[in-house]
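Here is how the chains run, residue by residue.
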Amino acid sequence: MTDTDNGVLHGLFHPETTAGDAGGHEQVVLWQDRASGLKAIIAVRSTALGPALGGTRFHAYANEADALADALRLSRGMSYKNAMAGLRQGGGKAVIIGDPARDKTENLLLAYGRAVASLAGRYVTACDVGTYVADMDVVARTNPWTTGRSPENGGAGDSSVLTAYGVFEGMRAGAAELWGAPTLAGRTVGVAGIGKVGRYLVDHLVEDGAEVVVTDVREAAVRDVAARHAGRVRVVADTGTLIRTEGLDVYAPCALGGALDDESVPALTARLVCGAANNQLAHPGVEKDLADRGILYAPDYVVNAGGVIQVAAEQGGGFDFEQCKAKTARIFETVCEVFAAAKAGGVPPAVAADRLAEERMTKAAVNVPGPAVSSPSGR
């Protein structure tokens, strides 16, 4: 066993001595299927509120250690996200190591479904970066604990629509806090990443009367959004240019995590950060750096909960989109609650949100004997 391995295990079993996100997980599963090439990690952070629910990220990690670290961070965020969204779900996350464009096959997805099935309902999976509704339809063939499926296969379809709507509601709450009105009309909003969620967020912003500046590494995504909103959306070369845009009011990171770090935070021109990406804070302390600069941060896992609200409702059948949209709209009030708690406690909003989520999970752990394990697809 290497020192690195020992550090990871120590962090998992002794969270009280671990800085950051590594500690406190109930279960971490490493799963390999040689025939299909599957290498996956499933991290169950907490089942205090119910079975752990979280997406499947398919990504070409530089190494296995990075994949494990991402799974641990993401599952922690899912625990907090589900708690703050008022769901009877714990938090978990899975990562598949590989390039989805090259390595994703039907056999690999079926093998991943068997990995999920091995947990017998303690973990319920869904889509994330690199996985889509069609993938979840395949995964569901080998286990009943799969959400984010197509309507034809008993699911609710693309959850990106409600994720974007929730981010927009969180942004409205931030606007109300900073500028006294819950609207982005007349504001300049920079969106970094206009993929599954970002493109829908741009739709909301344009409809609300905002001036939108976008960037994405994929030229096709940029062309699509620019054409759909001709004259209302401006394109810049990269994220570095975007965050330094003069007159920017809001920055919305909607790609991968770690967008807010020691390099980007000092360069930000925006007064509000509110986006769809998970794990936006690159390391502990960034939340204080934002506060010290007078930048209001709407915690990522609070505002991007619309998708998980949808997939949670998919369990057991009877999905109602309008009901889920109404629940997602309440993200506005939740973000306002976080801002109020931050002021009252004299802490950054990220710290206040963590405390509120932990309180909810702790209370549930005391009052509930254990999570109910059920088949979300009703099979």
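What counts as what
Counting restarts for each chain: residues are numbered from 1 in the order of the written sequence. Reporting in this predicted model follows two pLDDT cut-offs: at least 70 for local features of residues, and 80 or more for side-chain atom pairs to be given and counted; totals over whole chains, interfaces and linings ignore these cut-offs and use all residues. Neither water nor hydrogens contribute to the side-chain values; these are computed over all heavy atoms in the structure. Only protein atoms enter the 1 Å grid used here. Points where a 1.4 Å probe fits but cannot escape make up a cavity, open sets with protein on both sides within 12 Å along at least five of seven lines make up a pocket, and a residue lines them when an atom lies within 4 Å of a point. Grid points are joined across faces, edges and corners, and a volume is the space filled by probe spheres set on the points. For the purposes of this entry, the term helix denotes a DSSP run of H or I that reaches at least four residues, the term strand denotes a run of E that reaches at least two, and both are numbered from the N terminus. Residue polarity is assigned by list, with Asp, Glu, Lys and Arg as charged and Ala, Val, Leu, Ile, Met, Phe, Trp, Tyr, Cys and Pro as nonpolar; anything else, Gly included, falls into the polar class. Note on pairing: DSSP must find at least two bridges between two strands before they are called paired. Angles run from 0 to 180 degrees between N-to-C directions of axes, and those axes are lines fitted to C-alpha atoms, restricted for helices to the stretch in contact. For classification, angles of less than 35 degrees are called roughly parallel, those exceeding 145 degrees roughly antiparallel, those between 65 and 115 degrees roughly perpendicular, and all remaining angles oblique. A clockwise turn of the near helix away from the far one marks a right-handed crossing, whereas an anticlockwise turn of less than a right angle marks a left-handed crossing. Whether two residues are in contact is decided by their heavy atoms, any of which lying within 4.5 Å being enough. Residues belong to one nonpolar core when they are buried, are Ala, Val, Leu, Ile, Met, Phe, Trp, Tyr or Cys, and are joined through side-chain atoms within 4.5 Å. Only protein chains enter the area calculation, which uses a 1.4 Å probe; residues under 20% of their type maximum are buried, those over 50% are exposed, and those in between are partly exposed. Nitrogen and oxygen atoms within 3.5 Å of one another constitute a polar contact, given that in protein one can donate a hydrogen and the other can accept it, and given that sequence-neighbouring residues count only through two side-chain atoms.

**With respect to empty space enclosed by the protein**
On inspection of all chains with the given rule, the structure shows one cavity of 30 Å³ or more. If you add up the space inside the largest cavity, you get close to 40 Å³. Looking at the lining of the largest cavity element by element, the count peaks at four residues for helix 2 (residues 64–84). Looking at the lining of the largest cavity residue by residue, the classes come out as three nonpolar, three polar and two charged.

**Some thoughts on the sheet that holds strand 2 (residues 38–46)**
Read from one edge to the other, the open sheet built from five strands follows the order 1-2-4-3-5, with strand pairing classed as mixed. Both edges of this open sheet fall to strand 1 (27–33) and strand 5 (123–127), since each of them pairs with a single strand only. For this sheet, the mean angle separating the axes of adjacent strands, direction not counted, is 25°. Where strand 1 lies against strand 2, seven bridges are found, and the strand directions are antiparallel. Bridge assignment links V29 to a residue of strand 2, and that residue is I42.

**Topic: the packing of helix 6 (residues 160–179) against helix 7 (residues 198–208)**
Relative to each other, helix 6 and helix 7 sit at 45°, their axes nearing to 8 Å. Our classification of the angle between helix 6 and helix 7 gives oblique. At the point where helix 6 passes helix 7, the crossing takes the right-handed sense. The segment helix 6 lies against helix 7, with S160, V161, A164, Y165, V167, F168 and M171 engaging Y200, L201, H204, L205 and D208. Residue composition of the contact of helix 6 with helix 7, by class: nine nonpolar, two polar and one charged.

**Section: the nonpolar core**
Nonpolar side chains in soluble globular proteins tend to end up buried together. Y112, M171, V191, L201 and L205 are the most contacted members of the largest nonpolar core, which has 87 residues in total. For this core, the element with the most residues is helix 6, which contributes eight residues. Apart from the residues within four sequence positions on either side, Y112 is in contact with L38, A40, I42, T56, A94, I96, Y123, T125 and V139. Within the second largest apolar cluster, 19 residues are counted, among which are I243, Y251, V265 and A267.

**Let's talk about the environment of N63**
Mapped onto the secondary structure, N63 falls in the loop between strand 3 (52–59) and helix 2. Judged by relative accessible area, which is 33%, N63 ranks as partly exposed. Taking the C-alpha atoms as reference points, N63 and G98, 35 residues apart in sequence, are found 9.9 Å from one another. A polar contact is formed between the side chain of N63 and the backbone nitrogen of D66, at a distance of 2.8 Å.

**Some points on the side chain of T334**
Within the fold, T334 resides in helix 15 (residues 331–345). Once residues within four sequence positions are removed from consideration, T334 is found in contact with M84 and V302.

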